[in-house]
Amino acid sequence: QSDASAAMCLQLAEACKQLEAWPQAEEALLRCVPAYEERNGCCSRKAASIWSDIAALRLRQHKYSDAARDYDHLLTIQSVLLGDDAVELIPAAESLAKSRVMLQEWQPAKQALQRALTLSQIHHGTDHSGSQRIEQILQSLEGRIQLEDER
């Protein structure tokens, strides 16, 4: 795929997102990501941005299994690019946890949320509203896991 064609696919995806045409936006992004990965490497900022958009679109469309796989892939890309403890990993870790919760995969959801909490506490502190919010969600999830274990 040419540079111009890949760029047009990105523009199409953006237009589709503005029109809330989620499946078409996802399709356009999936068409252009191989060209960007081939040209810039699979662990480039552009590839990470595209995978972030794909994962978000899939989550929005309730494609939880695909979204979870994409967020896991995104976290790998971001870890390579930015380091395992980069603040930029927090939103992807939270979204991975949400995908896993929707799939009722409680332990993987807990692991993703613990990662988000650890990163948030490292970068923002324990008293930060974001850290406290993640901690509350984690506590709720742990309660859910305990109920599941008692069944």
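Scroll up for the structure.
Each residue is numbered by its place in its chain's sequence as written, counting from 1. Two thresholds apply to this predicted model, a pLDDT of at least 70 for residue-level local features and 80 or more for giving and counting side-chain atom pairs, whereas whole-chain, interface and lining totals are computed over all residues. Working from all heavy atoms in the structure, the side-chain values ignore hydrogens and water.

**Examining the side chain of Ser44**
Here's step 1: Numbered from the N terminus, helices here are DSSP runs of H or I no shorter than four residues, and strands are runs of E no shorter than two. Looking at the secondary structure, you find Ser44 in the loop between helix H2 (22-40) and helix H3 (45-60).
Here's step 2: You can call Ser44 buried: its relative accessible area is 10%.
Here's step 3: A distance of 3.3 Å separates the side chain of Ser44 from the backbone oxygen of Gly41, its partner in a polar contact.
Here's step 4: As used in this structure description, the phrase polar contact means that two N or O atoms lie within 3.5 Å; if the pair is within protein, one of them must be able to donate a hydrogen and the other to accept it, and residues adjacent in sequence are counted only when both atoms belong to side chains. Here Ala47 takes part through its backbone nitrogen, which lies 3.1 Å from a polar atom of the side chain of Ser44.
Here's step 5: Contacts: residue pairs with any heavy atoms within 4.5 Å of one another. Those residues within four positions of Ser44 in sequence are excluded, and the remaining contacts are Ile77 and Leu81. Between buried and exposed lies partly exposed: a residue is buried under 20% and exposed over 50% of the maximum accessible area for its type, with that area taken using a 1.4 Å probe on protein chains only.

**Considerations on the packing of helix H6 (residues 106-124) against helix H7 (residues 129-150)**
Here's step 1: Axis definition: a line fitted to C-alpha atoms, over the contacting stretch in the case of helices. Angles run 0 to 180 degrees between N-to-C directions. Here H6 crosses H7 at 160 degrees, and the two axes come no closer than 9 Å. Taken together, H6 and H7 sit at an angle that is classed as roughly antiparallel. For the pair H6 and H7, the crossing hand works out as left-handed. On H7, the residues touching Trp106, Gln107, Ala109, Lys110, Leu113, Gln114, Ala116, Leu117, Ser120, Gln121 and His124 of H6 are Gly130, Ser131, Ile134, Glu135, Ile137, Leu138, Leu141, Glu142, Arg144, Ile145 and Glu148. Angles are sorted into four bins: roughly parallel if under 35 degrees, roughly antiparallel if over 145, roughly perpendicular if 65 to 115, and oblique for all others. Definitions for this section: a left-handed crossing has its near helix turned counterclockwise from the far helix by less than a right angle. A right-handed crossing has that turn clockwise.

**A word on the side chain of Lys17**
Here's step 1: Take Lys17: it is sitting in helix H1 (residues 3-18).
Here's step 2: For Lys17, the side chain forms a polar contact with the side chain of Glu14, separated by 2.8 Å.
Here's step 3: Ignoring anything within four residues of it in the chain, the contact list for Lys17 reads Trp22, Ala25, Asp53 and Leu57.

**Notes on the environment of Ser79**
Here's step 1: With respect to the helices, strands and loops of the structure, Ser79 is situated in helix H4 (residues 64-82).
Here's step 2: Sequence-wise, Ser79 and Ala55 are 24 residues apart; in three dimensions their C-alpha atoms are separated by 17 Å.
Here's step 3: Dropping the residues within four chain positions of it, Ser79 is found in contact with Asp84, Leu89 and Arg115.

**A short note on H4**
Here's step 1: A helix's residues, less one, multiplied by 1.5 Å, set its expected span. Along its 19 residues, H4 runs 26 Å from first to last C-alpha, staying within 8% of the 27 Å computed at 1.5 Å per residue.
Here's step 2: Check the buried side of H4 and you find it contacts H3, helix H5 (89-102) and H6.
Here's step 3: Downstream of H4 by one or two residues, Gly83 has phi in the positive range, about 105 degrees.

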